[in-house]
Amino acid sequence: MAPITKSYEPREVEKKWYAAWQAAGCFAGKANPLKAPYTIMIPPPNVTGVLTMGHVLNCTIQDILVRRARLEGREALWLPGTDHAGIATQAVVERELRKEKKTRHTLGREKFLEKVWAWREEKGGIILQQLQALGASADWNRTQFTMDPHYSQAVLGVFVDLFRKNHIYRGKRMVNWCPASLTALSDEEVIMKPVKGFMYQVRYELVDKPGKFIEVKTTRPETIPGDVAIAVHPDDPRYAKLVGKKVWRPLNRGQIPIIADAAVDQEFGSGALKITPAHDKVDFEIGSRHKLPPVDVLNPDGTLNELAGPGLAGLDRFAGRKKAAELLMAAGALVKEEPYENNVGYSERADVPIEPRLTWQWWLRYPKVEEAKTAVRDGHIKFHPDRWSKVYLHWLDNIQDWCISRQLWWGHRIPVWYAKGLDKEKLTEADLQDPQKVHVSLEGPADKEHWVQEDDVLDTWASSWLWPFATLGWPDKAAMQQSGFNYFYPTTTLVTGPDIIFFWVARMIMAGLEFVRPGEPLERRIPFKHVYFTGIIRDQQGRKMSKSLGNSPDPLDLIATYGADGLRFGIISIAPQGQDIRFQEDRIEGGKNFCNKLWNAARFRQMSGDMADNSTLGAILMRLEPAKFDGDDHAILDRLLATTREVDHSFSNFEFSAAVQAIYGFFWNDFCDWYVEVSKSKLQDPATKANCLAIQDLVLRQTLLLLHPFTPFITEELWHLLGYGAEGTFLMRDPHLDNPSQLAGRGLRLNAAAAAVIGQLKAVVSQVRAFKAEQGEAASRDSEFVVEASAAHWKVLEDNMAKLKRLTGAGAITRGAMSPNAPAIVTAFGSWNLIRQLKGDPAAERVRLKKELETIAKHITGTQARLSNDAFVSKAPPAVLEGARKQLADQQAKQAELKRLLASLG
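The paragraphs below set out a description of the structure included in this document. (Residues numbered from 1 in each chain as written. Predicted model: local features only at pLDDT ≥ 70, side-chain atom pairs only at ≥ 80, totals over all residues. Heavy atoms only, no water.)

Here we look at the overall build of the chain
The helix and strand tally for the chain stands at 33 helices and 29 strands. Projected onto its principal axes, the C-alpha coordinates of the chain cover approximately 105 × 75 × 55 Å. With 906 residues in all, the chain has 54% of them scored as buried. Expressed as a percentage of contacts within the chain between residues at least 6 apart in sequence, the contacts between residues at least 24 apart total 77%. One way to put it: in the chain the 116 positive side-chain charges average out to a point 2 Å from where the 110 negative ones average out. (Helix = DSSP H or I, 4+ residues; strand = E, 2+ residues; numbered from the N terminus. Buried < 20%, exposed > 50% of the residue type's maximum accessible area, 1.4 Å probe, protein only. Contact = heavy atoms within 4.5 Å. Lys, Arg positive; Asp, Glu negative; His and termini not counted. Charge placed at Lys NZ, Arg CZ, Asp CG, Glu CD.)

Side note on the environment of isoleucine 714
Take isoleucine 714: it is sitting in helix α26 (residues 712-721). Distance from isoleucine 714 to arginine 749, taken between C-alpha atoms, is 31 Å for residues 35 residues apart in sequence. Other than its neighbours up to four places away in sequence, isoleucine 714 contacts Tyr8, Asp565, Cys595, Leu598 and Trp599.

Some words on the packing of helix α20 (residues 564-573) against helix α24 (residues 656-682)
Interaxial distance between α20 and α24 falls to 8 Å at its minimum, and their mutual angle equals 115 degrees. Our classification of the angle between α20 and α24 gives roughly perpendicular. Here Phe569, Ile572 and Ser573 of α20 come into contact with α24, specifically with Phe656, Ser657, Val660, Gln661 and Tyr664. Of the residues that constitute the contact of α20 with α24, the class distribution is five nonpolar, three polar and no charged. (Axes fitted to C-alpha atoms, helices over the stretch in contact; angles between N-to-C directions. Parallel < 35°, antiparallel > 145°, perpendicular 65-115°, else oblique. Nonpolar A, V, L, I, M, F, W, Y, C, P; charged D, E, K, R; others polar.)

Some remarks on helix α8 (residues 281-289)
Three or more residues of α8 are buried, namely Asp283, Ile286 and Gly287. The arc that holds every buried residue of α8, seen down its axis, measures 100 degrees, which confines them to one face. Turning to α8, the residues buried within the fold contact β11 (254-260) and β12 (272-275). Between the side-chain oxygen at the start of α8 and the backbone nitrogen of valine 282 there is a gap of 2.9 Å, and the oxygen is on aspartate 280. In the stretch just after α8, lysine 291 is the one whose phi turns positive, near 55 degrees. (Arc of directions from axis to C-beta. Polar contact = N/O pair within 3.5 Å; in protein donor to acceptor, adjacent residues only side chain to side chain.)

Considerations on unusual backbone geometry
Residue proline 475 is reached from tryptophan 474 by a cis peptide bond, and omega for that bond is 5 degrees. Assignment of secondary structure puts proline 475 in the loop between α14 (467-470) and α15 (477-483). The omega angle of the peptide bond from tyrosine 489 to proline 490 is 5 degrees, so this bond is cis rather than trans. Position of proline 490 among the secondary structure elements: in the loop between α16 (485-488) and β22 (491-496). A positive phi angle, close to 55 degrees, is found at aspartate 351, a residue other than glycine. Tracing the backbone through its elements, the reader meets aspartate 351 in the loop between β13 (334-347) and β14 (355-364). Classification of aspartate 351 as partly exposed rests on a relative accessible area of 44%. In this structure, phenylalanine 654 is a non-glycine residue whose phi angle is positive, near 55 degrees. With respect to the secondary-structure elements, phenylalanine 654 resides in the loop between α23 (631-652) and α24. Exposure remark for phenylalanine 654: the relative accessible area of 6% places this residue in the buried category.

Focus: the state of the cysteines
Covalent bonding between the sulfur atoms of two cysteines is what defines a disulfide. Per the counting criterion, the structure on display carries zero disulfides. Cysteine cysteine 403 shares no disulfide, and the gap to the nearest cysteine sulfur, in cysteine 178, comes to 14 Å. (Disulfide = S-S within 2.5 Å.)

Focus: the pattern of salt bridges
For the structure on display, the rule yields 54 salt bridges. When salt bridges with common partners are traced through the structure, they connect Arg220, Glu222, Arg317, Arg321 and Glu355 into a single cluster. (Salt bridge = Lys/Arg side-chain N within 4 Å of Asp/Glu carboxyl O.)

A short note on the pairing of β22
For β22, the buried fraction is high: six of the six residues fall into the buried class. Examined bridge by bridge, β22 and strand β23 (residues 528-533) share five bridges and lie parallel to one another. Bridge pairing in β23 links threonine 496 to phenylalanine 533. (Pairing = 2+ DSSP bridges.)

Here we look at the sheet that holds strand β6 (residues 183-185)
If you walk across this open sheet you meet the four strands as β6-β5-β14-β16, and the pairing is antiparallel. Edge positions in the sheet fall to β6 and β16 (402-403), since each of these pairs with one other strand and no more. As paired strands, β14 and β16 are joined by two bridges and run antiparallel to one another. When the bridges of β16 are listed, leucine 364 appears paired with tryptophan 402. Sheet strands in contact with α8 are β5 (168-178) and β14, and its direction is about 140 degrees off that of β5.

Observations concerning the packing of helix α19 (residues 555-562) against α20
Between two packed helices, the angle of one axis relative to the other and the distance separating the axes together describe the packing. With their axes 6 Å apart at the nearest point, α19 and α20 run at an angle of 110 degrees to one another. As far as their axial angle goes, α20 and α19 are roughly perpendicular. Residues Pro555, Leu558, Ile559 and Tyr562 of α19 touch α20, and the partners they reach there are Ala564, Gly566 and Leu567. The class makeup of the residues in the contact of α19 with α20 is six nonpolar, one polar and no charged.

Describing the environment of alanine 324
Mapped onto the secondary structure, alanine 324 falls in helix α9 (residues 317-331). Residues alanine 324 and glycine 309 lie 15 residues apart in sequence; the distance between their C-alpha atoms is 11 Å. Excluding its chain neighbours within four sequence positions, the residues that come into contact with alanine 324 are Pro221, Glu222, Leu251 and Leu312.

Thoughts on the side chain of glutamine 702
Its place among the elements puts glutamine 702 in helix α25 (residues 686-707). Here arginine 701 takes part through its side chain, which lies 2.7 Å from a polar atom of the side chain of glutamine 702.

Focus on the sheet that holds strand β20 (residues 451-453)
The strand order β19-β18-β20 describes an open sheet built from three strands, whose pairing is antiparallel. Taken across any chain shown, the strands that pair with only one partner, and hence form the sheet edges, are β19 (438-440) and β20. Here the strands of the sheet are splayed against their neighbours by 30 degrees on average, with no regard to which way each runs. Pairing of strand β18 (residues 416-419) with β20 involves three bridges; the strand directions are antiparallel. Residue pairing in the sheet places tyrosine 418 in a bridge with valine 452 of β20.

Digging into the packing of aromatic side chains
The final tally for this structure, using the stated rule, is 42 aromatic pairs. Both rings, one in phenylalanine 569 and one in phenylalanine 594, keep their centres 4.6 Å apart while their planes meet at 10 degrees; by these two values the pair is stacked. A residue pair is termed long-range when its members are at least 10 positions apart, and phenylalanine 569 in helix α20 and phenylalanine 594 in helix α21 (residues 585-608) qualify at 25 residues. Of the residues examined, phenylalanine 569 reaches a relative accessible area of 3% and is grouped as buried. On the numbers, 5.8 Å between centres and 50 degrees between planes, the contact of phenylalanine 651 with phenylalanine 710 is tilted. (Phe/Tyr/Trp six-rings, centres within 6.5 Å; stacked < 30°, edge-to-face > 60°.)

Focus on the environment of tryptophan 363
Relative to the helices and strands, tryptophan 363 is located in strand β14. On the basis of relative accessibility, which here comes to 4%, the residue tryptophan 363 falls in the buried class. Along the sequence, tryptophan 363 and tryptophan 409 sit 46 residues apart, while their C-alpha atoms lie 18 Å from each other. If sequence neighbours within four positions are ignored, tryptophan 363 has contacts with His167, Ile168, Tyr169, Gly171, Arg173, Met174, Val175, Asp401, Trp402, Cys403 and Ile404. Within the structure, the side chain of tryptophan 363 is placed 3.3 Å from the backbone oxygen of glutamine 361, a separation counted as a polar contact.

Remarks on α26
Across the 10 residues of α26, 10 count as buried, placing the element largely inside the fold. All buried positions along α26 are accounted for by Pro712, Phe713, Ile714, Thr715, Glu716, Glu717, Leu718, Trp719, His720 and Leu721. In the core, the buried residues of α26 are packed alongside α1 (10-23), α2 (53-71), α6 (126-134), α20, α21 and α25. Glycine 723 occupies a position one or two residues after α26 and carries a positive phi of about 85 degrees.

A look at the side chain of glutamate 716
Topologically, glutamate 716 is positioned in helix α26. For glutamate 716, which is buried and forms no salt bridge, the nearest opposite charge comes from arginine 67, at a distance of 5.9 Å. Among the polar contacts made by the side chain of glutamate 716, one reaches the side chain of histidine 720 at a distance of 3.0 Å. A distance of 3.2 Å separates the side chain of glutamate 716 from the backbone nitrogen of methionine 732, its partner in a polar contact. Dropping the residues within four chain positions of it, glutamate 716 is found in contact with Trp17, Trp21, His708, Phe730, Leu731 and Met732.

Okay, structure coming up:
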């Protein structure tokens, strides 16, 4: 057995074990009827992506879950892959082309796609390689890509199937349009940004009453040539007599009607609204209700077209805005312009303002909407935290058809062909069903020379909604059998962000219900059983971390500095269930420090005595002699069992941060700071040494098991260095997780009363150490203390006085009360006080007590604020909420005792 080195060097350990795990096939998930399955499908990162802190959090949680499942004896599959990310990838390649003074159009579609594929082969796997540095134990041999041939067949086959079921149609409707990328965008691809501009107040002259006007407000005067009406609220008395009359449109002059519509906000501006159906979603709905034909004054690239009229046609939209204001001023129609800030939608990839635009697109009427509600409402799929269930159900109650087409070249080209010579924009619903005009199939028409394929590709989400089952070979039966489809599906847990609950989570649920195992019970068709929603990682100012803000550290730099285990442990420690996270690098450093503490404790054990048989739990238990246990032995084993139960409970409730904190508290405080210290005297006594070493071996073994999902590298290394694993075996692969009932059933009988005594001793030691540190006496061995306590409490301390003095470094600890005439420094702790008599002026102690009262008052205010915050109370897990209430009670008790002590000083 190799000696444990003085310091832990994570880089070499991580490199060694990751290579060993891969070589041994430890990550492979294989159907095994003798085991229960556990399946996670990675939310496929964009093929353009690199590792971010969001990926670190998300993928660490996934890895924690699959590693824990393996320890529990389950057959775990974590299936990785990437998304082709249509617009993002095309934008990257087009940017490279522009450097060569080329465009995709100069290359042509076929050559351009060759360029994209070449880029993907060269750089498309970077993020997956980076995840390996984090320790991700995904089955890399199963890596999927949404443009792989078999996956593409599934995507296009679904389009054909839904078209034939009348779920897909073609229509001209309002979409988010990117003038730079020249494509429709999903709402998820639009980022709202505050923009400073102007609000223009414009007047429209009544046709039949020259010199009389109706005024409106707009931020976009360049769209006035597209106005088709002025709308007012039907109940607005100011305009009751004007409804039905006409006004002159001030740019590209023409007559337009005044109409009444309940969608108009009477309180905004003058209560009158210009209606421009081609350039605003609300206006489009109002125009449709009143059968007003839209007038589109913008070209696809955001320039104004001939319908904008003289002076505006040909201008960029922003230059057109300025010019329109000048033309309005010259015509006497501009009443005023004022600075104005509003939120404007920007294309996430092109970083330009989007345009609401009427275009011909392919649309999907969602299938299985009601069943998708039932799946969550009835608990077949559980959301963690559960509050997201309401958000999900609300969206489904108000669901709208999905625009599934994109004007891109990179992606799944829609499998629709049109007869040559047809005008696509004049096709009717009936025409789409006419095989002489439109052909829809996977293979395409036999006589392709007479047909033209649709240029558009499918929305990226229209491929990724099939991810849970298309990655397992669906719909090809042979591929499904080979992948273990019937064993691994439905998957177990999805880990994702709440920002894509609609774009991805809901759609995957509907897809699974529609396409998998038709006719079978709902619970056999759903794509997953649990959905865990992570929080958003923010900086200390509360801003979402992003490259553009420069407020996000590079995860690879953090791994290089703190180790992968340090990063994993640190990030989970600050990530309570479903809540946003304020990133703190010192907590990542804390993760590294914990790993060092673990390493040093293991080294201490190895140096303390010969390593006996640690090969199995049974072998260690056989070495224990319970009849020789003292209170410290009972206490550490009692805490070990309690911590194991806490961690089990935390995993059952998806409270990973609570699990980490439970392990940390037990190992650092109970084992290292207490048991290892008291062990030093036991190891000198031949009568207690063997038992003490066996207990240390048991505690270290079980701690490594609890920790492994969080810190896989160091735990695997120490597992072997301490003799728990035989050559050729692995902690990460073999089932080992022994729960408390198993330990108790194998001869581990503990004395709760003896353990409770140690709890009282720890309280005294903790307070004396804290006092000495506060007073600058940490190294002093002659400090004298008085304990004000009941007789029973003092008896416990008296019986353990030698241990207390050794652990605290105190010269003397006696029982007594604070003298009313002798000033003292007093630390209040629950029902007893720790007293240090003062020989001089008590003024300094009064100052100290007042400062302590100020501090505790701030803590009480903070805790009360949390408990009065509805958002915290509604979102916090029950254990966290109960902990906060107990914390408040303890703080208030300490405050009362401090006040009593201050009063006693006069």
